[in-house]
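# Structural overview
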Amino acid sequence: MTLPPPDSFALQPAYDFVIVGSGGGSMVAALYAKLAGLNPVILEKRDKIGGSTGFSGGVWWVPNNHVIKRYGVEDSKERARRYFAATVDFVGKGTTPARREAFLDEAPEMIRFLEDHGMVFEYPDGWSDYYDDRDGGEPRGRSLTALPFDLRNLGPWQEHLSRYAPFNGIPFPSLPLIKMLMLKRTFYAKTIMARLVFAMTKNKLLGRKIVAHGGAIQGRMLEMTLRHGIPVFGGFAADALVEEDGRVVAVSGTYRGQRTTVRSRLGILMNVGGFARNDAMRQKYQRHPISASWTNANPGDTGEMIEEMIRLGADTENLDAAVWVPTSLNPDGSMPEGATGKDGSPYPFMHVGEIAVPHYMWVDKHGRRFVNEANSYVELGEAMYGNDAVPAFAIFDDRAMRNYAYATMMPGMKPVKKWLESGFLIKADTIEELARKAGIDPAGLAAQVERYNRFAETGVDEEFHKGERQYDRFRGDPTHKPNPCVGAIAKAPFYATRMFPGDVGTFGGVVTDEKARVLRGDGSIIDGLYATGNCTSSVMGRSYPGPGASISPAFTFGYIAAKDAVARSHNQAA
């Protein structure tokens, strides 16, 4: 079946179910609604379809799903419930027992629904829950990725897919790429590199356009959506919701240069992302220091429709939270060499590949460690703010520089000359000199390094227990003994970089109930208005239990919203 071209759909004045935004939660909702006999539509402000999910690493975190059970992972709702209780410690309006139960019930069902209608899942076995040592944690992991996807299947839509440019041309999903970072340390990493080079060469020769990560999820989701005849419109810049008699009945915005209003019979689902790209909102709602320039979020993450929902009375929660991913900057706050794309767009470094390697630690300005560096990247951001450590400092020695990846440097590469010239990468022959150059207390750093080096000898991190969990070891160096994540910082030259709480999107927003309906401050429902994704207060609270813990709720509550709209339609018919 040939997919219809982007200009083949004619925007109608009304639909059964209107979905604003085109992330994954939008397309699963549209599919469910369409297959139930409704007439849904997806309205996206950008000319790229796929939203934040398309920009992502492309992972769902779904406890008790049927795919992991095929691989022998024994999971259950009760075990997942225990893990939630052990990790999601924020008690708020987005983390109610009803919403938690809805996620645990519906997320596995949503995965089965997607597979039944064309999604092809892979299990990244070994990508563990981020707190696998806690009650109910799964060391092998509960996450799923999508099988890499050939963009040619999208026909005329292939240039309209939302994708993260640094992933372009890489046909492997995240798990093997993480393992490949041990290129100088393990034979397995070398085989992955060889396979990657072979795959990229073969794809080029055959004219394939294979994408992985979020592009694989959203490429296939868009194909599924279009094959079912669901209209998708890019370039619809929504800016207002229309309320009549206490019910939201339409969305209004600019489309092709004209003020346009689209009505909905059964409700409007907002899946519009967060406000990571809106510096005014970040300054207003989030902890300081903060900057929209530190984010790697989808360019559409601008927050105007969150403010519109607030105007209608929507309650909010956790607006100061984000899916933190540490980044690093020059001394003047500018982007370091290599953190911009060919088109000049900024792509701040994301430091997740090296946080668990030996000969590496983080300290504050006093020279003290304040966190297990191998933690969930979200927890690292929270720890920076919680310990007055913005910026923090990554401290490492020559062995870390030579053996492991750092930012855009693959293992074994020499430090980028411009990094040293700009002061982005600080280099010194002694720990005390490094501290003075970086603006860290020299005595404090020297004492911390001495203490850390004692931990390296025994293999026991007495301060923060780094390397004790499977998740820590997952990113560590399996050839380093006795602890794959803790090695002495003792071989000159020594290095430091300034670390900041970058992110891939904000993680708080409007409050919704277990049916994804938007709530007012008094707990009442804003009739006709649903929301999912990063514009909502997450069911995960302020925690991140495992890889894909933002994408899976977006999909799940989009699915739930569509089910509620279908039920509303049946009730109206009765």
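Definitions and limits used
Residues numbered from 1 in each chain as written. Predicted model: local features only at pLDDT ≥ 70, side-chain atom pairs only at ≥ 80, totals over all residues. Heavy atoms only, no water. Helix = DSSP H or I, 4+ residues; strand = E, 2+ residues; numbered from the N terminus. Rg over C-alpha atoms; globule rule 2.2 N^0.38 Å. Buried < 20%, exposed > 50% of the residue type's maximum accessible area, 1.4 Å probe, protein only. Contact = heavy atoms within 4.5 Å. Areas by Shrake-Rupley, 256 points an atom, 1.4 Å probe, with all protein chains shown as cover. Lys, Arg positive; Asp, Glu negative; His and termini not counted. Charge placed at Lys NZ, Arg CZ, Asp CG, Glu CD. Pairing = 2+ DSSP bridges. 1 Å grid on protein atoms, 1.4 Å probe; cavity = no way out; pocket = protein on both sides within 12 Å on 5 of 7 lines; lining within 4 Å. Points joined across faces, edges and corners; volume = space filled by probe spheres on them. Nonpolar A, V, L, I, M, F, W, Y, C, P; charged D, E, K, R; others polar. Salt bridge = Lys/Arg side-chain N within 4 Å of Asp/Glu carboxyl O. Core = buried A, V, L, I, M, F, W, Y, C linked by side-chain atoms within 4.5 Å. Polar contact = N/O pair within 3.5 Å; in protein donor to acceptor, adjacent residues only side chain to side chain. Axes fitted to C-alpha atoms, helices over the stretch in contact; angles between N-to-C directions. Parallel < 35°, antiparallel > 145°, perpendicular 65-115°, else oblique. Expected span 1.5 Å × (residues − 1). Phe/Tyr/Trp six-rings, centres within 6.5 Å; stacked < 30°, edge-to-face > 60°.

Attention now moves to the overall build of the protein chain. Along its length, the protein chain carries 17 helices and 24 strands. Relative to the 2.2 N^0.38 estimate, which gives 25 Å for 574 residues, the radius of gyration of the protein chain is 24 Å and therefore close to what a compact globule would have. Judged by the C-alpha coordinates and their principal axes, the protein chain covers about 75 × 55 × 50 Å. A buried classification covers 61% of the 574 residues belonging to the protein chain. Contacts spanning at least 24 positions in sequence make up 75% of the contacts within the protein chain whose residues lie at least 6 apart. Accessible surface computed for the protein chain: about 20600 Å², of which carbon and sulfur atoms make up 52%. Positive and negative charge centroids in the protein chain, built from 67 and 66 side chains respectively, lie 5 Å apart.

Another aspect to go through is the pairing of strand β20 (residues 494-500). With seven of its seven residues buried, β20 lies for the most part within the structure. Neither face of β20 is left uncovered, since the one carrying F494, A496, R498 and F500 and the one carrying Y495, T497 and M499 both have all their residues buried. Judged from the two bridges that link them, strand β16 (residues 327-328) and β20 form a sheet pairing that is antiparallel. When the sheet's bridge partners are listed, S328 is paired in β20 with M499. Inspection of the sheet shows strand β18 (residues 392-397) paired to β20 by six bridges, in the antiparallel sense. Across the sheet, residue F396 finds its bridge partner in β20, namely Y495. By the bridge criterion, three bridges tie strand β19 (residues 426-428) to β20 in an arrangement that is antiparallel. Its bridge partner lying in β20, I426 is registered against A496.

Bringing empty space enclosed by the protein into the picture now. One pass over the full model with this rule turns up three cavities of 30 Å³ or more. Volume-wise, the largest cavity comes out at about 100 Å³. Residue contributions to the lining of the largest cavity peak at three residues, all from helix α17 (residues 551-573). Among the residues making up the lining of the largest cavity, the classes are represented as six nonpolar, seven polar and one charged.

What follows is about the pattern of salt bridges. Evaluation of the coordinates by the stated rule reveals 44 salt bridges. Across the pair D315 and K93 runs a salt bridge whose closest N-O atoms are separated by 2.6 Å. Separated by 222 residues along the polypeptide, D315 in the loop between α10 (304-311) and β14 (316-317) and K93 in the loop between α4 (77-87) and α5 (97-116) bring together distant segments of the chain. The class for D315 is buried, based on a relative accessible area of 13%.

Take the nonpolar core next. Of all hydrophobic cores here, the largest spans 146 residues; its most connected members are W60, L114, M221, L241, M270, M309 and W362. In terms of residues, this core owes the most to one element, α17, which gives nine residues. Sequence-distant contacts of M309, defined by excluding residues within four places in its chain, comprise L241, M270, A314, V510, V518, L529, A531 and C535. Among the nonpolar cores identified, the runner-up in size contains 20 residues, and I395, I431, I440 and I489 belong to it.

Take the sheet that holds strand β5 (residues 121-122) next. Pairing within the open sheet is antiparallel, and its three strands lie in the order β4-β6-β5. Every interior strand has two partners, whereas the edge strands, β4 (59-61) and β5, have only one.

Note that the residue after V390, namely P391, is joined by a cis bond; omega there is 5 degrees. By the secondary structure assignment, P391 is in the loop between α11 (377-386) and β18. Of note, the amide linkage connecting K481 to P482 takes the cis form, showing an omega dihedral of 0 degrees. Topologically, P482 is positioned in the loop between α16 (470-475) and β20.

Let us now look at the side chain of S550. Examined against the element boundaries, S550 turns out to sit in the loop between β24 (525-531) and α17. With relative accessibility at 17%, the residue S550 sits in the buried group. Only 2.9 Å separates the side chain of S550 from the side chain of Y544, close enough to count as a polar contact. In contact with S550, other than residues within four places in its own chain, are V323, F507, N534 and Y544.

Next up on the list: the packing of α5 against α17. For the pair α5 and α17, interaxial distance at closest approach is 8 Å and the crossing angle is 90 degrees. When the axes of α5 and α17 are compared, the pair comes out roughly perpendicular. Two secondary-structure elements touch here, α5 through R99, A102, F103, E106, A107, E109, M110, F113 and L114 and α17 through S552, P553, F555, T556, F557, Y559, I560 and K563. Residues belonging to the contact of α5 with α17 are distributed by class as follows: 11 nonpolar, two polar and four charged.

Now for the environment of A554. Along the chain, A554 falls in helix α17. Taking the C-alpha atoms as reference points, A554 and C535, 19 residues apart in sequence, are found 9.5 Å from one another. When residues no more than four places from it in sequence are discounted, the contact partners of A554 are G25, T532 and G533.

With 15 residues, helix α8 (residues 213-227) extends 22 Å from end C-alpha to end C-alpha; this agrees with the ideal 21 Å at 1.5 Å per step. In terms of burial, α8 is largely enclosed, as 14 of its 15 residues are buried.

Turning our attention to the packing of aromatic side chains. For any pair of aromatic rings, geometry is given as the distance between the ring centres together with the angle between the planes. Tallied over the entire structure, the rule returns 33 aromatic pairs. Each ring, one from Y32 and one from F113, has its centre 5.7 Å from the other, and the planes form 50 degrees; the classification is tilted. With a gap of 81 residues between them, Y32 in helix α1 (residues 24-35) and F113 in helix α5 connect regions that are remote in the sequence. For F113, a relative accessible area of 10% gives the class buried.

Another point: α11. Since one α-helical turn is 3.6 residues long, residues separated by three or four positions face the same way. Buried residues dominate α11, accounting for eight of its 10 residues. All buried positions along α11 are accounted for by Y377, V378, L380, G381, E382, A383, M384 and Y385. Taken together, the buried residues of α11 touch β15 (322-324), β17 (360-363), β18, α16 and β20. Directly after α11, the chain includes D388, whose backbone phi takes a positive value near 50 degrees.

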